[in-house]
Amino acid sequence: MYLYYSRKRPLEELPEEITAIWTCPGENCKGWMRDNFTFSIVPICPQCNAEMVRSEKMLATIENTSPNQLKV
């Protein structure tokens with residue numbers, strides 16, 4: 001079975017919005033995560049273990065429907 005992907009087909013545009021995120025303050029680290037996908041009030045960067053800071057970014061809209069989405 002072969003898959004065919006046409007480049008002429010227009011890409012679907014995803015709706016975007018200003019989204020609350022957490023960013024890593026480390027100079028050499030580019031880690032970030034969406035606020036609604038964190039499990040703590042102030043998350044720790046998974047790449048360098050630094051305490052992250054709040055920020056905003058224009059991102060595609062994604063809804064987190066996880067029942068585990070409770071911040072402690």
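Scope of this entry: the structure provided in the associated data block. (Residues numbered from 1 in each chain as written. Predicted model: local features only at pLDDT ≥ 70, side-chain atom pairs only at ≥ 80, totals over all residues. Heavy atoms only, no water.)

### Notes on the overall build of the protein
For step 1, the next point in the chain: Helix and strand counts for the protein stand at zero helices and three strands.
For step 2, the next point in the chain: Ordered by position from the N terminus, the helices and strands of the protein form the series β-β-β.
For step 3, the next point in the chain: Buried positions account for 21% of the 72 residues belonging to the protein.
For step 4, the next point in the chain: Relative to all contacts within the protein whose residues are 6 or more apart in sequence, the contacts with residues 24 or more apart total 61%.
For step 5, the next point in the chain: Of the accessible surface of the protein, which amounts to about 6500 Å², a share of 54% is contributed by carbon and sulfur atoms. (Helix = DSSP H or I, 4+ residues; strand = E, 2+ residues; numbered from the N terminus. Buried < 20%, exposed > 50% of the residue type's maximum accessible area, 1.4 Å probe, protein only. Contact = heavy atoms within 4.5 Å. Areas by Shrake-Rupley, 256 points an atom, 1.4 Å probe, with all protein chains shown as cover.)

### A few points about the state of the cysteines
For step 1, the next point in the chain: Taken as a whole and judged by the stated rule, the model has zero disulfides.
For step 2, the next point in the chain: Cys-24 takes part in no disulfide bond, and the closest cysteine sulfur, belonging to Cys-48, lies 3.3 Å away. (Disulfide = S-S within 2.5 Å.)

### Some details on the side chain of Thr-19
For step 1, the next point in the chain: Residue position: Thr-19 is located in strand 1 (residues 16–23).
For step 2, the next point in the chain: Taking relative accessible area as the criterion, Thr-19 reaches 10% and is therefore assigned buried.
For step 3, the next point in the chain: Of the polar contacts made by the side chain of Thr-19, one reaches the backbone oxygen of Glu-17; its length is 3.0 Å. (Polar contact = N/O pair within 3.5 Å; in protein donor to acceptor, adjacent residues only side chain to side chain.)

### As for the environment of Pro-25
For step 1, the next point in the chain: Tracing the sequence through the fold places Pro-25 in the loop between strand 1 and strand 2 (32–34).
For step 2, the next point in the chain: Spatially, the C-alpha atom of Pro-25 lies 6.4 Å from that of Met-52, the residues being 27 residues apart in sequence.
For step 3, the next point in the chain: Pro-25 has contacts with Ala-50, Glu-51 and Met-52, leaving out every residue within four places of it along the chain.

### Digging into unusual backbone geometry
For step 1, the next point in the chain: In this structure, Asn-49 is a non-glycine residue whose phi angle is positive, near 65°.
For step 2, the next point in the chain: Judged by its relative accessible area of 61%, Asn-49 is exposed.

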